[in-house]
Amino acid sequence: MENILQQIGIDNYIYLSTLLFCVGAFGVLFRRNAIVMFMSIEIMLNAVNLLLVAFSTLHQDAAGQVFVFFSMAVAAAEVAVGLAILVAVYRNLGGSIDIDNLKNLKG
């Protein structure tokens, strides 16, 4: 049986990760909701991870897959801290997590 990468092709993985990264960048740049921005950052990170795994499989080197494993662990910790900050902001601003309202927190 053929390798799945040979069936699909590396160029399709590149196109998919480029599309996912652009969708994530669009979400970060044009949306003002903090939760949507966090999800967009995670989409961008997963696009990069997909490309790392595809190239790691292409070159038959496990280093890229190990790097993705550690990257996902750091991303999980980042999301936990980010959501904790969002809960604190939600409580202090009276029910809003809009990024534009964070300008009022300056001292």
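Residues numbered from 1 in each chain as written. Predicted model: local features only at pLDDT ≥ 70, side-chain atom pairs only at ≥ 80, totals over all residues. Heavy atoms only, no water.

Asks: Just to check I follow, could you spell out a nonpolar patch on the surface for this structure?
Replies: Residues L16, L19, L20, V23 and I43 make up a contiguous nonpolar surface patch of about 390 Å² in total accessible area. Counting residues per element, the nonpolar patch draws most heavily on helix α2 (residues 10–30), at four residues. On the secondary structure map, L16 appears in helix α2. Residue classification places L16 among the partly exposed residues on the basis of a relative accessible area of 40%. (Patch = residues over 30% accessible without salt bridge, like charges linked within 9 Å, V, L, I, M, F, W, Y side chains within 5 Å. Areas by Shrake-Rupley, 256 points an atom, 1.4 Å probe, with all protein chains shown as cover. Salt bridge = Lys/Arg side-chain N within 4 Å of Asp/Glu carboxyl O. Helix = DSSP H or I, 4+ residues; strand = E, 2+ residues; numbered from the N terminus. Buried < 20%, exposed > 50% of the residue type's maximum accessible area, 1.4 Å probe, protein only.)

Asks: Where do I start with helix α3 (residues 34–59) in this structure?
Replies: Given 3.6 residues to a turn, an α-helix orients residues that are three or four positions apart in the same direction. Look at α3: 38 Å from first C-alpha to last across 26 residues, which is about the 38 Å you get at 1.5 Å a residue. Buried positions along α3 lie against α1 (4–8), α2 and α4 (63–93). Downstream of α3 by a residue or two, Q60 has a phi angle that is positive, lying close to 50°. (Expected span 1.5 Å × (residues − 1). Contact = heavy atoms within 4.5 Å.)

Asks: Teacher, can you tell me more about the environment of V79 here?
Replies: Note that V79 resides in helix α4. Among the residues examined, V79 registers a relative accessible area of 27% and is labelled partly exposed. Separated by 67 residues in the primary sequence, V79 and N12 have C-alpha atoms spaced 29 Å apart.

Asks: What exactly am I supposed to notice about the environment of A63 here?
Replies: Here A63 shows up in helix α4. Separated by 37 residues in sequence, A63 and F26 place their C-alpha atoms 30 Å apart.

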